[in-house]
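Here is how the chains run, residue by residue.
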2 protein chains.
Amino acid sequence: MDGGVKRGAVTSSQVAEHAGVSQSAVSRTFTPGASISPKTRAKVLAAAKALGYRPNAIARSLITNRSRIIAVVMAYLENLFYPDVLEELGRRLAAENYHVLLFTGFKDRDSDPVFDQLMQYRVDGIILASTSLSSDLAEECETAGIPVVLFNRTTGKDVASSVTSRNHEGGRLLGEFLVGGGHRTFGYIAGLANSSTNRDRFAGFREALARHGIDDIQVGTGNYNRQEAEAAARAMLSGPNRPEAIFVANDHMAVAVMDVARYEFGLAIPADLSIVGYDDVGPARWTSYGITSVTQPISAMVEATVDILMDQIASGEIETQHRVVPSELIVRTSARLPKTGIVEVDGQLVYRPEGLK
Amino acid sequence: MDGGVKRGAVTSSQVAEHAGVSQSAVSRTFTPGASISPKTRAKVLAAAKALGYRPNAIARSLITNRSRIIAVVMAYLENLFYPDVLEELGRRLAAENYHVLLFTGFKDRDSDPVFDQLMQYRVDGIILASTSLSSDLAEECETAGIPVVLFNRTTGKDVASSVTSRNHEGGRLLGEFLVGGGHRTFGYIAGLANSSTNRDRFAGFREALARHGIDDIQVGTGNYNRQEAEAAARAMLSGPNRPEAIFVANDHMAVAVMDVARYEFGLAIPADLSIVGYDDVGPARWTSYGITSVTQPISAMVEATVDILMDQIASGEIETQHRVVPSELIVRTSARLPKTGIVEVDGQLVYRPEGLK
DNA sequence: CTGAAAGCGCTTACAG
DNA sequence: CTGAAAGCGCTTACAG
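### Points about the interface of chain B and chain A
Thinking step 1. At the interface, 57 residues of chain B touch 57 residues of chain A.
Thinking step 2. When chain B packs against chain A, close to 5300 Å² is buried across both sides, 56% of that on carbon and sulfur atoms.
Thinking step 3. If you sort the residues of chain B by the area they bury against chain A, Arg54, Ile58 and Tyr121 of chain B come out on top, with a joint share of 15%.
Thinking step 4. There are four salt bridges connecting chain B and chain A.

Here is the structure:
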């Protein structure tokens, strides 16, 4: 650990000299699968240890043209869904010996501003969580051979691969659930207007209600933001026709809506008002909230994401893939229950109505 | 944007050829402050644009011996304090044109396992959030000239710089606050036993109570983990001498403790039981909880962290610094109030008792 | 201001 | 299995 270590890191040439072998031999010792005799290897390892040598990943990247770095662009970190995703992503990429270069603070608008930065580092892949990118840049990635995965978003144009959950189905399930629970009037507190998650969830919800002859839904907008959701809830709850049930586009907002309903309007949940949410995120499970919510299975979504990336990196073929992961409606205490369709699975109550595929 | 771009990125030599200048001229165009005539520069820029050139940061790093990458090792992402820190860190480092290489999942035990990885990338600095590292590795960083900052932890040995808030004072303030509120029996639900935050907060708390002749504190251990905190709360609340007030070592656990107290034991807060926490994290501010809590000012702490790093990178001098940021006790509804010492600052109630420095 | 050239620390044909 | 050598894409003295 000590020895001739001076300022600046030890190089393979120094190790080679110390071990009395060529620099190539040192390199081969640290390249899995390279041709090296056990004896030489042992000498190199000993010298490396003595000098405190560590291969320089930067130099390696330059020559192999692989940085083993994945850029992750992520916002909404105040919504626990994303930290959970980040942790799982870190775990899974580490297992593949990849590393995460993180860019935060770029919400749904295009992530173009960071693009320059991440391209300069010659990342091997890009994960955009709740962000999109312009088709110009998407095209640039394709010609450069860099795979891009949109996480929890899709775009109409087929510009990049994507991983989402069945948002449309989730919305439908929530609609069925609420109708089955005997609710007659409905509200929706929307996420970001032009995000695919918001559009799909709402479309599914509306479709389910329409099936039962209900076309009138009060709509407010929270833009996946706590304060805006609170304001939307205030407007909706103080209106002349307070709905019996509100679908809030994600749990992060639903928590805020519940607090407004209970503490500003004195409403009992679910006696006076039913609330359902989306994501099945940490606070949804806390007793104070107990939100009936559709899961977005993080583990499966992250697995799919890493899968696509590893696939395309290995093959060099950038063919956009769209993976959609199934989800489940978890039944808790924030909404009145339908008479049928609730079953217990692994100790949790889930809603699986008959005849709804 | 289009042009001769084929698979693989464009190099400075290609740009040089296209522009009819030397490769050096291209490099100088993209090096702020380098000596280049406006005319040459313009030619290069035009060629670069035509070819879609972006400097290769990897190659640059190799020769400048600066990666402009800061390694961030962070765990406890389920505690919103850390995502908030991460976001602020990202913002501040981006402003300095540094990037974040993120390593997650290494809790308070030494972060040695990731160390090898991050050193291979020749990071320019290391931030360890709620993690420490062995003195061997700390020493290695020092000889390598890589600054290390421990964020929200300190170690006894002076192995690395650190940024913390005044945990001891915070604990004392909470003790004074609770005694002032007329509570007579106390509990403490601890964080990780050998973390400096836990030790300092508890020491301050104990000291404040001792001043008032109170030496008996019931102690449970939550290890900064939700489930363990719940278990500790159950044990404490079902014991024969339920305390009147509990200091939970951070808000992340305090939320769980409040849910247990209310929904499993039917206790009214603060009528039957007062709870105080630490961090002033998102959920502490939610109406359902309204936790009286000591702030850890993220912006100031992150600023100090980046400051130390930039300083040491610029000077090349690695002299450990320990920055301690002041905090404030924010008064909300989870604990009974003392008669004096509460003042309003910027629309928030804070506790600033007389005679306590 | 400009270009030719050396060199950062590696990997990897190539020849032996 | 091993070493000498070329080369990855840059920055930066050096000489003009």
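### Considering the sheet that holds strand β12 (residues 329–330) of chain A
Residues and elements named next belong to chain A.
Thinking step 1. Read from one edge to the other, the open sheet built from eight strands follows the order β7-β6-β8-β9-β10-β12-β14-β13, with strand pairing classed as mixed. Of all the strands in the sheet, just β7 (217–221) and β13 (342–345) have a single pairing partner and so form its edges.
Thinking step 2. Strand contacts of helix α11 (residues 251–264): β6 (186–190), β8 (245–248), β9 (274–279) and β10 (292–295), with the helix running at about 155 degrees to β9, the strand carrying the most contacts.

### Some words on the packing of aromatic side chains
The geometry of an aromatic ring pair is captured by the separation of the ring centres together with the interplanar angle, meaning the angle of the planes.
All names here are of chain A.
Thinking step 1. Using the criterion set out here, one finds 26 aromatic pairs over all chains in the structure.
Thinking step 2. The rings of Phe186, Tyr188, Phe202, Phe205, Phe247 and Tyr278 are connected pair by pair, giving a single aromatic cluster.
Thinking step 3. Cation over ring: Arg201 sits above Tyr278, and NZ or CZ is 3.9 Å from the ring centre.

### Looking at the protein's contact with DNA strand C
Thinking step 1. Inspection of the region around DNA strand C gives 27 residues, with Gln23 and Ser27 of chain A together with Arg28, Thr40 and Ile63 of chain B positioned closest.
Thinking step 2. Within 4 Å of the protein, atoms of DNA strand C come from sugar and phosphate in 57% of cases.
Thinking step 3. The side chain of Ser35 of chain B places a nitrogen or oxygen atom 2.7 Å from a phosphate oxygen of DNA strand C.
Thinking step 4. For the surface near DNA strand C, the secondary-structure elements that each account for two or more residues are α2 (23–29) and α4 (57–64) of chain A together with α2 (23–29) and α4 (57–64) of chain B.
Thinking step 5. Top element by residues in the surface near DNA strand C is α4 of chain A. It accounts for five residues.
Thinking step 6. When the residues that make up the surface near DNA strand C are grouped by side-chain class, the tally is 10 nonpolar, 13 polar and four charged.

Calculation rules
- All residue numbers refer to positions counted from 1 along the written sequence of the respective chain.
- Written order decides the labels, with chains lettered from A and ligands numbered from 1.
- Only residues with pLDDT of at least 70 get local features here, since the model is predicted, and only at 80 or more are side-chain atom pairs given and counted; chain-wide, interface and lining totals rely on the full set of residues.
- Excluding hydrogens and water, the side-chain figures rest on all heavy atoms present in the structure.
- It only takes one pair of heavy atoms within 4.5 Å for two residues to be counted as in contact.
- The quantity reported as buried area is the accessible area (1.4 Å probe) lost by two parts once they are put together, taken as the sum for both.
- The salt bridge criterion pairs a side-chain nitrogen of Lys or Arg with a carboxyl oxygen of Asp or Glu, the two atoms within 4 Å.
- Paired strands, as defined in this entry, are two strands with at least two bridges between them according to DSSP.
- In this description a helix means any DSSP run of H or I spanning at least four residues, a strand means any run of E spanning at least two, and both kinds are numbered starting from the N terminus.
- In this analysis, axes come from line fits to C-alpha atoms, helices being fitted only over the stretch in contact, and the angle between any two N-to-C directions falls in the range 0 to 180 degrees.
- When the centres of two rings from Phe, Tyr and Trp lie within 6.5 Å, Trp using its six-membered ring, the rings pair. Their planes under 30 degrees apart give stacked, over 60 give edge-to-face, and anything left gives tilted.
- Geometrically, a lysine NZ or arginine CZ counts as sitting over a ring once it is within 6 Å of the ring centre and also within 35 degrees of the ring normal.
- Nearness is judged by heavy atoms alone; a residue qualifies as near a molecule or strand once a single heavy atom is within 4 Å of it.
- N or O atoms closer than or at 3.5 Å make up a polar contact, with two conditions inside protein: a donor-capable atom paired with an acceptor-capable one, and, for residues adjacent in sequence, both atoms drawn from side chains.
- Polar here means any residue other than Ala, Val, Leu, Ile, Met, Phe, Trp, Tyr, Cys and Pro, which are nonpolar, and Asp, Glu, Lys and Arg, which are charged; Gly is therefore polar.

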